[in-house]
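Commentary on secondary and tertiary structure
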Amino acid sequence: MSDADLIMISALQHAMFCQRQYALIHLEQIWEENRFTAEGEALHERVHRERHESRRLFREEYGMSVRSLKFGLIGKCDLAEIWLEPETKAPVRVNPVEFKRGRSKTNDVDRVQLCAQALCLEEAFNLPIGKGEFYYLQERRRVSVDIDEDLRAKTISTADQIRAINASKKTPVSSYEKKKCDGCSLIDHCMPRAVGSVSRYVRGQIEQCLAD
Ligand code: SF4
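Summary of the structure given here. (Residues numbered from 1 in each chain as written. Predicted model: local features only at pLDDT ≥ 70, side-chain atom pairs only at ≥ 80, totals over all residues. Heavy atoms only, no water.)

**Points about the site of the ligand**
The immediate surroundings of the ligand are formed by Phe17, Cys18, Gln21, Ser174, Ser175, Lys180, Cys181, Cys184, Ile187, Cys190 and Pro192. Of all the secondary-structure elements, those providing two or more residues to the shell around the ligand are helix H6 (178-181) and helix H7 (187-190). By residue class, the composition of the shell around the ligand is seven nonpolar, three polar and one charged. Here the shell around the ligand spans two domains, and each of domain 1 (3-168) and domain 2 (173-212) adds at least three residues to it. (Near = heavy atom within 4 Å. Helix = DSSP H or I, 4+ residues; strand = E, 2+ residues; numbered from the N terminus. Nonpolar A, V, L, I, M, F, W, Y, C, P; charged D, E, K, R; others polar. Domains from an automatic or database assignment.)

What follows is the structure, given as structure tokens:
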């Protein structure tokens, strides 16, 4: 897989949340900040300032750039924790940590993002990764996530869905879901509630033309 085919890990999150949102952002280049996106951006900008901290047999890499040519993914890890073997100092365990600004409420959207980081780190370090963690800043609490087969399959299939959308060059149609759309920063561009009325209007116009 070439670099041009790599899918941004952040794009997986958009596509998991809503495939139309993914296409609006990544195909149509539309982006609108709301309070949640602005706060999230600011947090990750701080965390992604590349730096590392070392103790004798333990290293912390912040803002680490990662990619997987096997799964076609590219992005950044907020934090990679790396344990080293005492004799050789070679990495023996790696743990991806994703920072979240709010309270603990992991969902598949977040878990897929963490799993994608784990897939990239496995390739970089040639080590299996069985767990990752979220760190919730407000609660100063860590929540562990199993990087299991189900989550891996979901992550890979989301990347495949993105490739299919990219190949089609078509933005999926909207369908209004209160819980997700009302918090979406793109609701004014997307107009999910207008779709029914627009299609009714277009159908009416066509019927009128045919009748004339
Ligand atoms: S408003 Fe709803 S349908 Fe439109 S992009 Fe956002 S989440 Fe998707």
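There is more to say after this.
**Focus on the pattern of salt bridges**
Tallied over the entire structure, the rule returns 13 salt bridges. Glutamate 81 is paired through a salt bridge with arginine 142; the nearest N and O atoms lie 2.8 Å apart. Residue glutamate 81 is found in strand S4 (residues 73-84), and its partner arginine 142 is found in strand S7 (residues 141-146); the two are separated by 61 residues along the sequence. Here glutamate 81 falls in the buried class, since its relative accessible area comes to 5%. Lysine 100 is paired through a salt bridge with glutamate 98; the nearest N and O atoms lie 3.8 Å apart. Each of Glu81, Glu133 and Arg142 takes part in salt bridges that share partners, so that together they form one network. (Salt bridge = Lys/Arg side-chain N within 4 Å of Asp/Glu carboxyl O. Buried < 20%, exposed > 50% of the residue type's maximum accessible area, 1.4 Å probe, protein only.)

**Thoughts on the pairing of S4**
The buried fraction of S4 amounts to nine of the 12 residues, a majority that puts the element mostly inside the structure. Pairing analysis gives two bridges linking strand S1 (residues 7-8) to S4, with the strands arranged parallel. Within the sheet, the bridge partner assigned to isoleucine 7 lies in S4 and is leucine 73. Strand direction decides the pairing type here: strand S3 (residues 58-68) and S4, joined by 10 bridges, are antiparallel. The partner of serine 68 across the bridge, within S4, is leucine 73. As paired elements, S4 and strand S5 (residues 91-100) share six bridges and run antiparallel to each other. Within the sheet, the bridge partner assigned to leucine 84 lies in S5 and is proline 91. The hairpin turn running from S4 into S5, its antiparallel successor, is six residues long, and lysine 89 in that turn takes a positive phi close to 65°. (Pairing = 2+ DSSP bridges.)

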